[in-house]
Amino acid sequence: MQARGEWSSKIGFILAASGSAIGLGNIWRFPYIAGKNGGAAFVLIYLIIVVLIGLPYMLGELAIGRAAQRNPVGAIEAIRPRSPWKGVGYLGVLTGLGILSFYGVIAGWTVGYIFKMLSGNPGDFATFISDPVKVILLLAFFILITAGIVYGGVSGGIERWSKILMPLLFVLMLGLIIYANTLPGSGEGLKFYLMPDISKIDGSVLLAALGQAFFSLSLGMGLMITYGSYVTKSDDLFSSAGYIVLFDSLIALMAGLIIFPALFANHQSPEVGAKLVFVVLPEMFAHMSGGAVVGSLFFLLLSVAALTSTISLLEVPVAFVVDEKKISRKKVVWIVAFVAFLLGIPSALSQGANPFLTHFGLIPQRLSDPDFLSQMSFVFGDFSLALGALLLSIFIGWVWGADKAAAEIKQGSKTFGAFFKAWVFMMRYFIPVVIFIILLNLFGIFD
Ligand code: PHE
């Protein structure tokens with residue numbers, strides 16, 4: 001059998017899993033969703049959901065992975081052989097590829113912006129993303145770097161690079177927070193972001209926070225099953241998950257501490273949506289002294305954050321092929337990466353380069369924007385994750401058995417025992433019901 005690899009240390013695992021969780025979801029998606037959903041009120045609800053739902057669900061995925069020491073497909077097969085549940089594993093592998101394909105396109109834009117900012121004149125966002133040659137080359141570049149790191153294996157590639165890149169990201173962001181909060185007028189932004197107006201909390205804020213929590217914590221596609229499978233039995237999954245959730249929330253909160261003060265200092269509306277980071281910020285950097293360097297630094301750290309996430313997205317299908325087909329990691333990585341690149345091309349061309357892909361519109365307008373990239377994001381980033389999380393929580397809670405999962409988590413943990421019963425209850429009842437509601441909401445049932 002092929003050697004599977006293992007994290008060399010607990011901190012290595014925590015940083016790699018945090019690297020997966022921390023990405024465009026935290027720095028690009030979190031601020032614009034928070035901005036659209038009332039600022040501080042959203043932030044408050046988000047944090048509550050992360051602790052009550054994100055953390056316990058994550059423990060469930062990690063437990064399957066470590067118990068079975070396999071990728072999502074193999075893990076489910078090991079626990080419940082020859083059952084249709086295996087399909088949930090395949091769904092996860094497919095979702096990894098699907099998210100990687102469109103996520104790689106956006107990550108490519110961030111790399112492009114490192115250089116655009118340095119040039120001092122970022123130009124027009126819409127023009128940039130509709131240039132077919134540039135966006136495809138940037139996608140290829142990003143996938144290539146991702147594959148290079150995954151090629152290095154679990155501890156030599158993913159863990160080694162996460163240990164360098166994650167602390168670097170943290171330090172860069174700290175600097176930018178200080179910078180943004182010394183701008184005149186930034187105080188108003190802090191207020192919008194941190195002083196909750198409880199009257200703004202309604203059902204749609206709640207559901208937006210739930211969806212954001214799953215995407216941001218990399219839950220629902222078996223990523224934590226895969227990363228959990230490289231953890232040794234003596235490690236404490238409970239405290240590790242606690243740190244991952246803490247770091248992911250911290251970086252999202254920090255991103256807001258950069259963006260909202262800067263935004264208000266520049267008299268812009270927080271409700272501009274998905275283009276927040278790519279349109280509003282470059283404009284702001286362009287008008288500030290030293291903005292070329294600060295701006296390019298910002299996009300550099302956004303690329304770094306995206307990279308540790310694309311690494312994890314590639315690792316899930318790679319682990320599946322390595323485990324199940326017994327082909328060496330070194331061969332598999334390039335093949336899977338190439339497939340992800342091909343799959344990403346229509347998304348890359350859907351932002352104005354190709355009219356058919358730009359107005360693709362297979363999924364109704366009320367669910368997703370018509371361009372191919374947005375539709376991929378809906379299918380894989382929203383729908384597949386929610387469906388996967390629902391099925392996996394039922395599998396963990398009822399098929400494998402929440403008490404068996406809890407016993408796995410307890411092994412190596414001194415503190416989990418006190419939460420054993422509460423966790424079993426959450427996994428069996430609370431979490432599947434809540435996820436089912438997210439799923440219904442995706443189809444506009446509550447609109
Ligand atoms: N959590 C990542 C982010 O916030 C995205 C991601 C989702 C990565 C699912 C892996 C699995 O950017």
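Predicted model, so just to flag it, every value in this text is computed and none were measured. (Residues numbered from 1 in each chain as written. Predicted model: local features only at pLDDT ≥ 70, side-chain atom pairs only at ≥ 80, totals over all residues. Heavy atoms only, no water.)

Visitor: Which parts of the structure should I look at to understand the site of the ligand?
Guide: In the vicinity of the ligand there are 14 residues, among which A21, G25, Y103, F215 and S218 approach most closely. L24 is positioned with one of its backbone polar atoms (N or O) 3.2 Å from an oxygen atom of the ligand. With respect to the ligand, the backbone of G25 contributes an N or O atom lying 2.8 Å from an oxygen atom. Across the complex, the protein chains shield 100% of the 320 Å² of accessible surface that the ligand would expose by itself. Put simply, the ligand lies in the largest cavity. Within the residue set of the shell around the ligand, elements represented by two or more residues are α1 (10-21), α2 (24-36), α10 (203-216) and α14 (291-325). (Near = heavy atom within 4 Å. Polar contact = N/O pair within 3.5 Å; in protein donor to acceptor, adjacent residues only side chain to side chain. Areas by Shrake-Rupley, 256 points an atom, 1.4 Å probe, with all protein chains shown as cover. 1 Å grid on protein atoms, 1.4 Å probe; cavity = no way out; pocket = protein on both sides within 12 Å on 5 of 7 lines; lining within 4 Å. Sits in = over half its atoms within 2 Å of the grid points. Helix = DSSP H or I, 4+ residues; strand = E, 2+ residues; numbered from the N terminus.)

Visitor: So what exactly am I meant to see when it comes to the pattern of salt bridges here?
Guide: When their charged atoms lie close together, side chains carrying opposite charge are able to pair. Overall, the coordinates contain eight salt bridges when judged by the stated rule. R29 is the partner of D382 in a salt bridge, and the nearest nitrogen-oxygen pair spans 3.3 Å. Here R29 lies in helix α2 and D382 lies in helix α17 (residues 372-410), a separation of 353 residues in the sequence. Owing to a relative accessible area of 24%, D382 belongs among the partly exposed residues under this scheme. Here E188 makes a salt bridge to K191, at a shortest N to O gap of 3.6 Å. Of this pair, E188 and K191 both sit in helix α9 (residues 186-194), three residues apart, which is roughly one turn of the helix. The exposure class of K191 is partly exposed, given its relative accessible area of 44%. Look at the salt bridges and you will find they share partners, linking R66, K233 and E408 into a network. (Salt bridge = Lys/Arg side-chain N within 4 Å of Asp/Glu carboxyl O. Buried < 20%, exposed > 50% of the residue type's maximum accessible area, 1.4 Å probe, protein only.)

Visitor: Just to check I follow, could you spell out the environment of T226 for this structure?
Guide: By the secondary structure assignment, T226 is in helix α11 (residues 223-228). For the pair formed by T226 and G290, sequence separation is 64 residues and the distance between their alpha carbons is 43 Å. With residues near it in sequence (within four places) discarded, T226 still touches N71, P72, E315, V316 and A319. (Contact = heavy atoms within 4.5 Å.)

Visitor: Please explain the nonpolar core as it appears in this structure.
Guide: Looking at soluble globular proteins, one finds that nonpolar side chains tend to be buried together. In terms of nonpolar packing, the biggest core is built from 170 residues, with I27, W109, F298 and W423 touching the most fellow members. For F298, the residues in contact, after removing those within four places along its chain, are I27, L176, I259, V277, L281 and F285. (Core = buried A, V, L, I, M, F, W, Y, C linked by side-chain atoms within 4.5 Å.)

Visitor: Help me understand the side chain of S350 in this model?
Guide: Inspection of the secondary structure assignment puts S350 in the loop between α15 (329-348) and α16 (355-358). When its relative accessible area of 1% is taken as the criterion, S350 is described as buried. Reaching out from S350, the side chain makes a polar contact with the backbone nitrogen of L373 at a distance of 3.1 Å.

Visitor: Is there a simple way to explain helix α7 (residues 132-151) in this structure?
Guide: Along an α-helix, a turn takes 3.6 residues, which lines up residues three or four apart on a common side. The first and last C-alpha atoms of α7 sit 28 Å apart over 20 residues, in line with the 28 Å expected at 1.5 Å per residue. The set of residues buried in α7 consists of V135, L138, L139, F142, I143, T146, A147, I149 and V150. All buried residues of α7 lie within an arc of 170° about the axis, which places them on one face of the element. Opposite its buried face, α7 presents the exposed residues V133, L137 and L144, each directed more than 90 degrees away. One or two residues past the end of α7 sits G153, with phi positive at roughly 90°. (Expected span 1.5 Å × (residues − 1). Arc of directions from axis to C-beta.)

Visitor: Is there a simple way to explain the packing of helix α4 (residues 72-79) against helix α5 (residues 86-118) in this structure?
Guide: Any two packed helices are characterised by how steeply their axes cross, that is the angle between the axes, and by the distance between the axes. Two elements in contact, α4 and α5, have axes separated by 7 Å at closest approach and are oriented at 170°. When the axis of α4 is compared with that of α5, the two are roughly antiparallel. Where α4 approaches α5, its residues P72, V73, I76 and E77 are matched on the opposing element by K86, V88, G89, Y90 and V93. Residue classes in the contact of α4 with α5 are distributed as six nonpolar, one polar and two charged. (Axes fitted to C-alpha atoms, helices over the stretch in contact; angles between N-to-C directions. Parallel < 35°, antiparallel > 145°, perpendicular 65-115°, else oblique. Nonpolar A, V, L, I, M, F, W, Y, C, P; charged D, E, K, R; others polar.)

Visitor: Help me understand the layout of surface pockets, please; the structure alone is not making it clear to me.
Guide: Unoccupied space between atoms shows up once a probe the size of one water molecule is rolled over them. Roughly 1400 Å³ of volume is contained in the largest pocket. Lining the largest pocket are 45 residues, and of these R29, Y32, I33, K36 and D382 lie nearest its centre. Of all the elements in the fold, those that place two or more residues in the lining of the largest pocket are α2, α5, α6 (125-129), α10, α17 and α18 (420-442). The residue makeup of the lining of the largest pocket, split by class, is 24 nonpolar, 13 polar and eight charged. (Points joined across faces, edges and corners; volume = space filled by probe spheres on them.)

Visitor: Honestly, empty space enclosed by the protein in this entry has me stumped. Any pointers?
Guide: Throughout the structure, instances matching the rule amount to two cavities of 30 Å³ or more. The computed volume of the largest cavity comes to approximately 150 Å³. Around the largest cavity sit 19 residues that line it, and S20, Y103, F215, S218 and L313 are the ones nearest its centre. Among the elements of the structure, α1, α2, α5, α10 and α14 are those that each provide at least two residues to the lining of the largest cavity.

Visitor: Would you explain unusual backbone geometry in this entry?
Guide: It is generally the case that most residues other than glycine have a negative phi and that most peptide bonds are trans. For Q69, which is not glycine, the phi dihedral falls at a positive 55°. Along the chain, Q69 falls in the loop between α3 (40-68) and α4. Under the relative-accessibility criterion, Q69 is labelled partly exposed at 26%. Phi is positive for K326, which is not a glycine, with a value near 55°. Of note, K326 is situated in the loop between α14 and α15.

Visitor: It is not clear to me how the environment of A265 should be interpreted in this structure. Could you clarify?
Guide: Tracing the backbone through its elements, the reader meets A265 in helix α12 (residues 237-265). Spatially, the C-alpha atom of A265 lies 38 Å from that of L144, the residues being 121 residues apart in sequence. Look past the residues within four positions of A265 in its chain and what remains in contact with it is L183, P184, G185 and S186.

Visitor: Where do I start with the packing of α5 against α15 in this structure?
Guide: In the contact formed by α5 and α15, the axes pass within 8 Å of each other and the chain directions differ by 60°. Here α5 is positioned oblique relative to α15, judged by the angle of their axes. The hand of the α5/α15 crossing is right-handed. The residues of α15 that touch α5, namely those facing L97, G98, L100, S101, F102 and V105, are V336, V339, A340, L343, G344, S347 and A348. In terms of residue class, the contact of α5 with α15 is built from nine nonpolar, four polar and no charged. (Left-handed = near helix turned anticlockwise from the far one by under 90°.)

The analysis is restricted to geometry; functional conclusions fall outside its scope.
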